Structure formats: C-alpha cells, structure tokens
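Survey of secondary and tertiary structure
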Amino acid sequence: MLPDSFGRIATDLRVSLTDRCNLRCAYCMPPEGLDWLPAPDQLTDDEVVRLIRIGVERLGITEVRFTGGEPLLRRGLAGIVARTAALRPRPEISLTTNGIGLTRTAGTLRAAGLDRVNVSLDTLRPETFRKLARRDRLPDVLDGLAAAAAAGLSPVKVNTVLMRDLNDDEAVPLLRFCLDHGYELRFIEQMPLDAQHGWKRAEMVTAQEMLAALGREFILTPDDSRQRGSAPAEAFLVDGGPARVGVIASVTRPFCGTCDRVRLTADGQVRNCLFARSESDLRGPLRAGADDAELAGAWRRAVAVKLPGHGINDPSFLQPDRPMSAIGG
Ligand code: SF4
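Residues numbered from 1 in each chain as written. Predicted model: local features only at pLDDT ≥ 70, side-chain atom pairs only at ≥ 80, totals over all residues. Heavy atoms only, no water.

The helix and strand tally for the protein stands at nine helices and 12 strands. Whereas a compact globule of 329 residues would reach a radius of gyration of roughly 20 Å, the protein reaches 19 Å, a difference of no more than 12%. Here the C-alpha coordinates of the protein stretch approximately 60 × 45 × 45 Å along the principal axes. Counting over 329 residues, the protein shows a buried share of 56%. Contacts in the protein between residues at least 24 apart in sequence constitute 73% of all its contacts with a sequence separation of at least 6. (Helix = DSSP H or I, 4+ residues; strand = E, 2+ residues; numbered from the N terminus. Rg over C-alpha atoms; globule rule 2.2 N^0.38 Å. Buried < 20%, exposed > 50% of the residue type's maximum accessible area, 1.4 Å probe, protein only. Contact = heavy atoms within 4.5 Å.)

See below:
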C-alpha cells in the first residue's frame, strides 16, 4: 500500500505521458510554448508500463489515469493502455485530454481497454477558444467528445476552467450543452500551476460564483446518492437529476484530507501531491538496475512524506517549479 502519515492511502495513479501539447491554454502556458522535456529523460513505453505494473501489483494502485501535456500526442498510448488493462488486478483506466485526435483514436483506445475520458472544454465560442487556447480547434474538440461517446467510453466528462472576463459568462450554456449531449460537466477552479506564474486569486472564478450563476437557471441539489469519498468534485443534481454537475473547488474548498492521488511524471518522478515542491526519482534507480522491490520501496517512501495539503491558502505558499503541463491533471 501507499500510506502517508495522515492516514490517507494513494490508490489513484496519474501518469503524465508527455509534457507536450497542441494547445496553448492561457491558464497553463505562454503562447510560445515551453522548453519540452529532453527525449532521453522521458520514460520509454516499457519503463512506463513497468512502473504502473509495480504500482498495481505491489502498491495497491486501483485506478490509472493517463494525462499530459496532451496524452494523445504519445505515439505508444494505445499499447500502454492495452498493457495496463492486462494487469491483474485490472485497474480502472481513464484519460484526461483536450480531445483533439479522439475522432481518430477513441475506438482504438476503447478496444485497448480505456474505460472513461475527461475532455477539457472551456468555451463553445470559437473566438473565445482562439483567445484562451491560442489555436482554432474548437470543432476538433467537439467532434472528439462525440467520438468518445460513440466509442462507448463512459462516462464522458467535461472539465471546464472559467476565467474572469473571458469565459465566465458561459457556465450556463456549457451545462446546457453537456445536458443535451449526456456529458458530465465539472467546473474546476483555476489553480496556481501555470508556467508563467501569473495566477491571481482575485482573477479566479470561485466555486461559489459558479454555483450562483448556475443556480439562476437550474435547481441544484447536493447529490448524496453517492459517497463523495476521495472524489475531487462536489456533485449536484441538476433540476432533480439524474443529470449531475460537479465543482472542483481546489482553492476555496480544498479536499486534501481525503486525497488518494499520486503522480508519475513523463520523466519518471513521483509527485505525492499536485503542488509538491519536491519529487522522488524512479527513473534513475530503474535505469541503474533496481528490482521491483527496490522501486516499490522508493515509491512508498515518496508518499509517506506527503504534506497534509496544497497550502495554497497559507501565506508561505510557493507555486511548484514544475508547470501543470509537465505534471498532468
Ligand atoms: S492538492 Fe495535493 S493533497 Fe490536495 S487533493 Fe490535490 S494532490 Fe491531493
């Protein structure tokens, strides 16, 4: 198992397969992009699968989520998914993506063993998409969503970040769109993880503001049909349900007390928290010939020292050096 000193146990592994992306979202990176991780530093497909196998077979990992950057840019993604699905006990497998390329890959990924998908969609307006993501790809994202649903991935969730004076007036149309298409929408408070360190609390749209905007059009009731457990999202039934909407209030209503997440970066570092300021290297010992038990031990030690929470609301908070694009969702 992967316990920490606060009684939490990490069972949900987020694997960043690349730091590269084909969008340039304003809350993540500058328009010119970033200096990508050097290729030799990145884990090979075999190395990624070996570490996932150790996590599943020796450390109690029951969920594996592939992230990026943009994981659909990883050439070996389908093979990595298939080899993860072949592990026993079989973990639940999900993907967080910007959706571009899902029209080509959704069926293959589903057949390889992918169970569900989260697609980032922050606006339904092409001009706002261009401003936010600095690319003209909204139709590809919308087609990607439809392809995910058609391929049988379920649920198809939509992740939305609202930014003040940019898309914060789209909460209601985005929810209507998701209700019409059967997608499960979650609004995420913008977090201080952008590469340019430009995050400002005053510019962040809070969960309370999001719920107030939705509450003017919909009846929202807390969904206590399912225990929240370690789920990041607070869930609400929309107009009595069964449709739901989620709010991930990482900053204003943190949920670190029940966190079960641990992360593996594309260059083989364990991050015991999204906001960790230190990492533990597995790539080095792996390439130096460490056996599974030694790698599992290093991984356990990395999680054991996990802090109680992200500390964003502490005056001493310092944003991690590693940007979101190299950590993953
Ligand atoms: S901020 Fe860190 S501790 Fe809190 S929920 Fe996220 S990963 Fe877990």
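Glancing now at the layout of surface pockets. Taking a probe equal in size to a water molecule and rolling it over the atoms shows the remaining empty space. Volume-wise, the second largest pocket comes out at about 350 Å³. Lining the second largest pocket are 21 residues, and of these Phe275, Ala276, Arg277, Ser278 and Leu307 sit closest to its centre. Its residues assigned to classes, the lining of the second largest pocket shows nine nonpolar, seven polar and five charged. (1 Å grid on protein atoms, 1.4 Å probe; cavity = no way out; pocket = protein on both sides within 12 Å on 5 of 7 lines; lining within 4 Å. Points joined across faces, edges and corners; volume = space filled by probe spheres on them. Nonpolar A, V, L, I, M, F, W, Y, C, P; charged D, E, K, R; others polar.)

A full pass over the atoms with the stated rule returns 25 salt bridges. Arg322 is the partner of Asp267 in a salt bridge, and the nearest nitrogen-oxygen pair spans 3.2 Å. Of this pair, Asp267 sits in the loop between strand 10 (261-264) and strand 11 (269-271) while Arg322 sits in the segment after helix 9 (292-304), placing them 55 residues apart in sequence. Here the two residues Asp267 and Arg322 agree in accessibility, since each one is buried. As a salt-bridge pair, Arg277 and Asp321 come within 4.0 Å of each other at their nearest N and O atoms. (Salt bridge = Lys/Arg side-chain N within 4 Å of Asp/Glu carboxyl O.)

Those residues of helix 2 (residues 77-85) that fall on the buried side of the exposure criterion are Leu77, Ile80, Val81, Thr84 and Ala85. Angularly, the buried residues of helix 2 cover 135° about the axis, an arc narrow enough to put them on a single face. Where helix 2 is buried, its residues meet helix 1 (45-58), strand 2 (63-67), strand 3 (92-97) and helix 3 (102-112). (Arc of directions from axis to C-beta.)

The biggest cluster of nonpolar side chains holds 100 residues, and the ones touching the most others in it are Val15, Leu51, Ile52, Phe66, Val262 and Trp299. Other than its neighbours up to four places away in sequence, Phe66 contacts Val15, Leu17, Ile52, Pro71, Leu77, Ile80, Val81, Thr84, Ile93, Ser94, Leu95 and Thr96. (Core = buried A, V, L, I, M, F, W, Y, C linked by side-chain atoms within 4.5 Å.)

In this structure, His310 sits in the segment after helix 9. In this structure the side chain of His310 is engaged in a polar contact, spanning 2.7 Å, whose partner is the backbone oxygen of Ser250. Within polar-contact distance, the side chain of His310 engages the backbone nitrogen of Ile312 at 3.0 Å. Setting aside anything within four residues of it in sequence, one finds His310 in contact with Ser250, Pro254, Cys256, Phe275 and Phe317. (Polar contact = N/O pair within 3.5 Å; in protein donor to acceptor, adjacent residues only side chain to side chain.)

Once that is clear, we can look at the site of the ligand. What surrounds the ligand is the set Phe255, Cys256, Cys259, Arg261, Arg263, Cys273, Leu274, Phe275, Lys306 and His310. Residue composition of the shell around the ligand, grouped by class: six nonpolar, one polar and three charged. (Near = heavy atom within 4 Å.)

With four of its five residues buried, strand 2 lies for the most part within the structure. Bridge count between strand 1 (residues 12-16) and strand 2: five bridges; the pairing is parallel. Looking at strand 2, one finds that Ser16 is bridged to Thr67. Assessed by its sense of winding, the connection that carries the chain from strand 1 through helix 1 to strand 2 is right-handed. Here strand 2 pairs with strand 3 via four bridges, running parallel. (Pairing = 2+ DSSP bridges. Right-handed = clockwise from strand over helix to strand, strands pointing away.)

A few words now on the packing of helix 3 against helix 5 (residues 138-150). Running from N to C, helix 3 and helix 5 cross one another at 20°; their axes reach a closest spacing of 8 Å. Judged by the angle between their axes, helix 3 and helix 5 are roughly parallel. When the axes of helix 3 and helix 5 are compared, the crossing they make is right-handed. Contacts between helix 3 and helix 5 involve Leu102, Thr103 and Ala106 from the former and Asp143, Gly144, Ala147 and Ala148 from the latter. When the residues that make up the contact of helix 3 with helix 5 are grouped by side-chain class, the tally is four nonpolar, two polar and one charged. (Axes fitted to C-alpha atoms, helices over the stretch in contact; angles between N-to-C directions. Parallel < 35°, antiparallel > 145°, perpendicular 65-115°, else oblique. Left-handed = near helix turned anticlockwise from the far one by under 90°.)

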